[in-house]
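Structural overview
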Amino acid sequence: MILQVENVQKSFDGFIAVKDVSFSVAKGELCSIIGPNGAGKTTIFNLITGHLPLDKGRVIFNGIDITRRPAHKICRLGLGRSFQRINIFPKLTVFENVQAAVLTHRGQSLNFFTSVQSLFRRETEELLAMVGLQDQRQAVSGSLSYGFQKQLELGIALACEPAMLLLDEPTAGMSARETNATIELIASIARDRDLTLLFTEHDMAVVFSIAERILVLHQGQLIAGGSPDEVRANPVVQDIYFGKARCS
Ligand SMILES: Nc1ncnc2c1ncn2[C@@H]1O[C@H](COP(=O)(O)OP(=O)(O)O)[C@@H](O)[C@H]1O
Ligand SMILES: [Mg+2]
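Attention in this report is confined to the structure presented alongside it. (Residues numbered from 1 in each chain as written. Chains lettered and ligands numbered in written order. Predicted model: local features only at pLDDT ≥ 70, side-chain atom pairs only at ≥ 80, totals over all residues. Heavy atoms only, no water.)

A closer look at the overall build of the chain
- If you tally the helices and strands in the chain, you get ten helices and ten strands.
- Seen along its three principal axes, the alpha-carbon backbone of the chain occupies a region of about 60 × 40 × 35 Å.
- When burial is assessed residue by residue, the chain has 48% of its 248 residues classed as buried.
- Long-range contacts, defined as pairs at least 24 residues apart, comprise 64% of the intrachain contacts of the chain with a sequence gap of at least 6.
- Summing over all exposed atoms, the chain offers an accessible surface of approximately 12100 Å²; the carbon and sulfur share of this is 52%.
- The positive charge centre, built from 25 side chains, and the negative charge centre, built from 25, are 5 Å apart in the chain. (Helix = DSSP H or I, 4+ residues; strand = E, 2+ residues; numbered from the N terminus. Buried < 20%, exposed > 50% of the residue type's maximum accessible area, 1.4 Å probe, protein only. Contact = heavy atoms within 4.5 Å. Areas by Shrake-Rupley, 256 points an atom, 1.4 Å probe, with all protein chains shown as cover. Lys, Arg positive; Asp, Glu negative; His and termini not counted. Charge placed at Lys NZ, Arg CZ, Asp CG, Glu CD.)

Here you go:
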């Protein structure tokens, strides 16, 4: 198992947003967490990656207890993530955003002997090519289309050479065309790099077409998990999650 989440819990002002959640993800697996808005998906990601302190429980990544480690150290260990809301430097160019991420990962700071432009140029170009942003390299990031900004976020997340990526709604706000292109891109990168993926996604068609395993979260608790077929056939999931869809 590359990731083990054990009895993780988090409250906000007495409201239990994540309640005693345990699951694990095998190396190379493509796993999705689904659940209605407010189910606690983003909070779980934040607990795993050290962006929020947890109240209870443990998180083990690659055999290392990362429970109380700061986010940047967890990233260094090879657990990368993207955010539900865009998280880039909008005034920097696409190239500069990815380059900054590579610099941070390599722990290199600028000095008098290095030319900023050439620093990790090859690595940066490789990442841009991987996420399909070569032609946008000089564009100001904040002016990119939403889909391109999400691709840029993916490039930034890949800069830390992750063994596992947590993607929080990677296609949120995208058109159907952008969604399909992005999902294909993510799946092909995952295959090429032997990445383990854990992602949340609101589009059920996407989830059921690419996830190998699906975890279902409801009001902060895991209520089901299994293959897409198992989850689709689960009566509790049908009631809670697909109830509305079946009525419409
Ligand atoms: N920083 C916070 N402070 C207070 N409540 C929060 C905070 N973050 C999330 N919540 C609450 O926790 C619940 C789960 O939120 P979230 O993890 O964002 O759900 P999801 O990503 O599944 O939509 C929601 O009720 C949300 O309002
Ligand atoms: Mg969320």
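Observations regarding the site of ligand 1
- Surveying the vicinity of ligand 1 reveals the residues Phe-12, Phe-15, Ala-17, Pro-36, Asn-37, Gly-38, Ala-39, Gly-40, Lys-41, Thr-42 and Thr-43.
- Lys-41 has a polar side-chain atom sitting 2.8 Å from an oxygen atom of ligand 1.
- Contacts to ligand 1 include Thr-43, whose side-chain N or O atom sits 2.6 Å from an oxygen atom.
- In isolation ligand 1 exposes 560 Å². Once the protein is present, 61% of that is buried.
- Per element, the largest residue contribution to the shell around ligand 1 is three residues, and it comes from helix α1 (residues 41-48).
- Looking at the shell around ligand 1, its residues break down into five nonpolar, five polar and one charged. (Near = heavy atom within 4 Å. Polar contact = N/O pair within 3.5 Å; in protein donor to acceptor, adjacent residues only side chain to side chain. Nonpolar A, V, L, I, M, F, W, Y, C, P; charged D, E, K, R; others polar.)

A short note on empty space enclosed by the protein
- The tally for this structure, following the rule as stated, stands at one cavity of 30 Å³ or more.
- When contributions to the lining of the largest cavity are tallied by element, the ones reaching two or more residues are α5 (146-158) and α6 (176-193).
- With four residues, α5 is the largest single contributor of residues to the lining of the largest cavity.
- Residues of the lining of the largest cavity, tallied by class, amount to four nonpolar, three polar and two charged. (1 Å grid on protein atoms, 1.4 Å probe; cavity = no way out; pocket = protein on both sides within 12 Å on 5 of 7 lines; lining within 4 Å. Points joined across faces, edges and corners; volume = space filled by probe spheres on them.)

Quick look at unusual backbone geometry
- Even without being glycine, Glu-169 reaches a positive phi, approximately 50 degrees.
- Tracing the backbone through its elements, the reader meets Glu-169 in the loop between β7 (164-168) and α6.
- Assessed through its relative accessible area of 9%, Glu-169 is described here as buried.
- Phi at Gln-219 takes a positive value of approximately 50 degrees, unusual for a residue other than glycine.
- Looking at where Gln-219 falls in the secondary structure, it is placed in the loop between β9 (213-218) and β10 (221-226).

As for helix α4 (residues 121-130)
- Residues of α4 that are buried include every one of Glu-123, Thr-124, Glu-125, Leu-127 and Leu-128, and no others.
- Buried-residue contacts for α4 involve α3 (94-106) and α5.
- Of the residues flanking the end of α4, it is Gly-132, one or two places downstream, whose phi is positive at about 70 degrees.

Considerations on the nonpolar core
- Core analysis: the largest hydrophobic core is formed by 39 residues, its most contacted members being Leu-154, Leu-158, Leu-165, Val-207 and Ile-214.
- Top element by residues in this core is α3. It accounts for six residues. (Core = buried A, V, L, I, M, F, W, Y, C linked by side-chain atoms within 4.5 Å.)

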